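Below, each chain spelled out in residue letters.
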Amino acid sequence: MAYPYQITSLENYHYQHQKSIQNPEAFWSEIAEHFVWHQKWSKVLNWNFSEPKVEWFKDAKLNITENCIDRWLPSKANDPAIIWEPNDPSETSRTLTYQELHNQVCCFAQVLVNNGAQKGDRICIYMPMVPELTIAVLACARIGAIHSVVFGGFSAQSVSDRIQDAQCNIVVTADGAFRGNKTIPLKPVIDEALINCPSVKKVIVLTRTGQPVSMIEGRDCFWENEMKKVEESGLSSFPAVSMDAEDMLFILYTSGSTGKPKGVVHTCAGYMVWANYTFVNVFQYQPGQVHFCTADIGWITGHSYIVYGPLSAGATTLMFEGIPTWPDAGRFWDIVEKHAVNILYTAPTAIRSLMSFGTDPINNKDLSSLQVLGTVGEPINEEAWHWYDDHVGKNNCPIVDTWWQTETGGIMISNLAGVTKSKPCFATLPLPGIQPVLIDEKGNEIEGNGVSGNLCMKFPWPGMLRTTYGDHERCRTTYFSTYENLYFTGDGCIRDEEGNYRITGRVDDVLNVSGHRIGTAELENAINMHSGVVESAIVGYPHDIKGQGIYAFVIFNGIHIDEEHTKKDINQTVSKIIGAIAKPDKIQFVSGLPKTRSGKIMRRILRKIAEGDTENLGDTTTLLDPAIVEEIKKNRI
Ligand code: PRX
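Residues numbered from 1 in each chain as written. Predicted model: local features only at pLDDT ≥ 70, side-chain atom pairs only at ≥ 80, totals over all residues. Heavy atoms only, no water.

Undergrad: Which parts of the structure should I look at to understand the overall build of the protein chain?
TA: Helix and strand counts for the protein chain stand at 19 helices and 30 strands. Computed over the C-alpha atoms, the radius of gyration of the protein chain is 24 Å, within 12% of the 26 Å expected from 2.2 N^0.38 for a compact globule of 637 residues. Along the first, second and third principal axes, the C-alpha set of the protein chain runs to 75 × 60 × 55 Å. A burial count over the protein chain gives 61% of its 637 residues as buried. When contacts within the protein chain are restricted to residue pairs at least 6 apart in sequence, long-range pairs at least 24 apart make up 70% of them. When the accessible surface of the protein chain is split by element, carbon and sulfur atoms take 48% of a total near 24,000 Å². (Helix = DSSP H or I, 4+ residues; strand = E, 2+ residues; numbered from the N terminus. Rg over C-alpha atoms; globule rule 2.2 N^0.38 Å. Buried < 20%, exposed > 50% of the residue type's maximum accessible area, 1.4 Å probe, protein only. Contact = heavy atoms within 4.5 Å. Areas by Shrake-Rupley, 256 points an atom, 1.4 Å probe, with all protein chains shown as cover.)

Undergrad: Honestly, the packing of helix 9 (residues 268–282) against helix 10 (residues 300–312) in this entry has me stumped. Any pointers?
TA: What describes two packed helices is the angle between their axes and the distance between those same axes. Relative orientation of the contacting elements helix 9 and helix 10 amounts to 90°, with a least axis distance of 8 Å. The angle between the axes of helix 9 and helix 10 places the two elements in the roughly perpendicular class. The segment helix 9 lies against helix 10, with Tyr 271, Ala 275, Asn 276, Thr 278 and Phe 279 engaging His 303, Ser 304, Tyr 305, Tyr 308, Gly 309, Pro 310 and Ser 312. Here the contact of helix 9 with helix 10 is composed, by residue class, of 6 nonpolar, 6 polar and no charged. (Axes fitted to C-alpha atoms, helices over the stretch in contact; angles between N-to-C directions. Parallel < 35°, antiparallel > 145°, perpendicular 65-115°, else oblique. Nonpolar A, V, L, I, M, F, W, Y, C, P; charged D, E, K, R; others polar.)

Undergrad: What is the right way to read unusual backbone geometry from this model?
TA: Comment: phi is negative for the bulk of residues other than glycine, and the bulk of peptide bonds are trans. The linkage connecting Leu 73 with the following residue, Pro 74, adopts the cis geometry, with an omega of 0°. Here the residue pair Trp 326 and Pro 327 is connected by a cis peptide bond, since its omega of 0° sits within 30 degrees of zero. Even without a glycine there, the phi angle at Ala 340 is positive, about 45°. On the secondary structure map, Ala 340 appears in the loop between helix 11 (331–339) and strand 18 (343–346). A relative accessible area of 38% places Ala 340 in the partly exposed class.

Undergrad: So what exactly am I meant to see when it comes to the site of the ligand here?
TA: Lining the immediate surroundings of the ligand are 16 residues, of which Asp 401, Thr 402, Thr 406, Asp 491 and Arg 517 lie closest. At a separation of 3.4 Å, a nitrogen atom of the ligand approaches a polar backbone atom of Glu 378. Of all the secondary structure elements, the ones that give two or more residues to the shell around the ligand are strand 20 (399–402) and strand 25 (501–506). Looking at side-chain class alone, the shell around the ligand contains 5 nonpolar, 6 polar and 5 charged residues. (Near = heavy atom within 4 Å. Polar contact = N/O pair within 3.5 Å; in protein donor to acceptor, adjacent residues only side chain to side chain.)

Undergrad: Can you help me understand the domain arrangement of the protein chain in this one?
TA: Put simply, an interface is often sized by how much accessible area is lost when its parts join up. Each assigned domain of the protein chain is listed here: domain 1 (10–408) and domain 2 (512–634). Computed from C-alpha atoms alone, the centre-to-centre distance between domain 1 and domain 2 is 34 Å. Facing the 24 residues of domain 1 at the interface are 20 residues of domain 2. Across the domain 1-domain 2 interface, the total number found is 1 salt bridge. Among the salt bridges present, the one from Arg 517 reaches Glu 407, with a minimum N-O distance of 2.8 Å. Where domain 1 meets domain 2, there are 15 residue pairs in polar contact (both at pLDDT 80 or more). The greatest single-element share of the side of domain 1 that touches domain 2, amounting to 3 residues, is contributed by helix 12 (residues 348–355). Residues of the side of domain 1 that touches domain 2, tallied by class, amount to 4 nonpolar, 16 polar and 4 charged. (Domains from an automatic or database assignment. Salt bridge = Lys/Arg side-chain N within 4 Å of Asp/Glu carboxyl O.)

Undergrad: I would appreciate a short explanation of the sheet that holds strand 4 (residues 80–85) in the present structure.
TA: Backbone-to-backbone hydrogen bonds join strands into a sheet, with any given pair of strands oriented parallel or antiparallel. Spatial ordering of the open sheet is given by 5-4-17-16-18-19-20, a layout of 7 strands whose pairing is mixed. Of all strands in the sheet, those bounded by a partner on one side alone are strand 5 (94–97) and strand 20. Direction aside, the axes of adjacent strands within the sheet are offset by 20° on average. Sheet analysis places strand 4 next to strand 17 (residues 316–320), joined by 4 bridges and oriented parallel. (Pairing = 2+ DSSP bridges.)

Undergrad: Whenever I open this one, the nonpolar core confuses me. Can you help?
TA: One recurring pattern in soluble globular proteins: nonpolar side chains tend to sit buried together. Phe 57, Phe 108 and Tyr 308 are the most contacted members of the largest nonpolar core, which has 172 residues in total. When residues in this core are grouped by element, the largest group, 11 residues, is from helix 9. Here this core spans two domains, and each of domain 1 (10–408) and domain 2 (512–634) adds at least three residues to it. The residues touching Tyr 308, leaving out its near neighbours within four places in the chain, are Ile 64, Cys 68, Val 137, Leu 138, Ala 141, His 147, Leu 249, Phe 250, Tyr 271, Ala 275 and His 303. The next biggest cluster of nonpolar side chains, apart from the first, holds 28 residues, and it includes Phe 320, Leu 373, Ala 384 and Trp 385. (Core = buried A, V, L, I, M, F, W, Y, C linked by side-chain atoms within 4.5 Å.)

Structure representation (structure tokens):
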């Protein structure tokens, strides 16, 4: 068997899960034996959730890139590691074998070093979905630098905040990105972002779109020139730096219910083992299969299931630069047919969006290579689940509904393709190593089946976050202080009569829009930056395609405003401060907000109004100004 720790049957799953609970250290140490180490661990696990402090594989030394690349050489030297499909189908796709990936990663590792990078440095990567993005990520890991990938849709202000928070010294970017029929500038965004980032000494710019860019002498250089210099020097490999198991591997910023996005930190060994274990088991990957995860590497899904999970398993991973609906809504299906994709992993929002085009774009496509389907990022509704099953999987492919988070590093609750049972809209069962509990409002554990509560974890797993960068206290208060000795996910959850888990959505002030997390506080702050806005309140409402839409209630300072014009202004402000993904779907101008006498906004009422449930608003008599509710109801959009 290619992966000795691959679960093979339902009985075997129960056995493994049991074993992982009874003796977690023995369980994980056996699995960890199947990786490449410079030095083994002295202790498998140390932990307490009160600080929190979590250490896996203490004192072990390794480099994750040796596990993702070197160990597949020479046996898989000519096997495809990355298949890249460009945005424009008329452009040629590219394949990088494991040998080619090795050469490129080593070469770029040397480029980073030539530009002053050292172990422990933070490097920001702001790039389109091209193979060089994966190469940059792995090159950072090769030299022991900590990568912080920022999604190419974020604004200059957002990039700047993230660079400053991590004090990055190098940025790797591209001139621009192709997305559908648009060409998006990236380097100009970095130029604007860097005005406030004195820590950045070097910017390495890949040429992708060919649009003109301004290059600052001494700071900016082109990827191609730097690579050429190294290639001409005859470099054939770059030794992987030995990392401590608990050294930081990467930072990934994510929104929460308060303040600015926080930098979730993952470390080398535990994350590697978890990304690999979950990849191999959830998708039941078999060597030779082509795995297509449609996420962007700017999100955790791309980190774990485009880069680290598949490559550490010697798999073939497909990277797609474009969007599902361009040049038409058959783009995913063309890719599946062209590259004989075996595993397709996407988001419910993409499925719903494709569903809205009907089955014409899919009917004449050959999807017979597909064997496993997966979803991630948000709850999937029954209709979308069945459409995926009927029209994509032809009722012949197991669908894994994978629940997890940026903070968890990898999949936590999911069925295992073809091995454990699926149930529409249920993530189903916890993976081995995962001990979920449901907690009631008073903080007590709810035992038994057929119950619901707030989802927590009572035991650490290798891939969990270790801290939030530069602010450990924030990590403690956000995840480990709501309930004593538990990791709190922020999600509500049902456990059915058979013990299957169904995640119902966030219970905090975080929205999940098209599978992306948006903190309401962060968005309100952005809207309030508009000079005319006095105050705002953001809530989510059900949206057919995005899952949740963003509804903004805004008090505007001005009597005679051109509403349409002002809405555009506000949207522009949001795009500037956060990025286009956070633009509200609806903006309603109001003269006041429903507040308690102590000044707290009653979001519960606004949420009901946004959802269209204006009859059951509960008791509004304790509000500072009950009349405002009538006005808001009347003018609801
Ligand atoms: O609310 C849950 C939802 O997405 C949140 C995590 O968002 P993020 O860190 O951006 O990571 C997304 C990709 C892993 C969770 O707290 N979520 C994720 N997967 C599911 C889900 N909700 C329901 N079902 C899922 N399969």
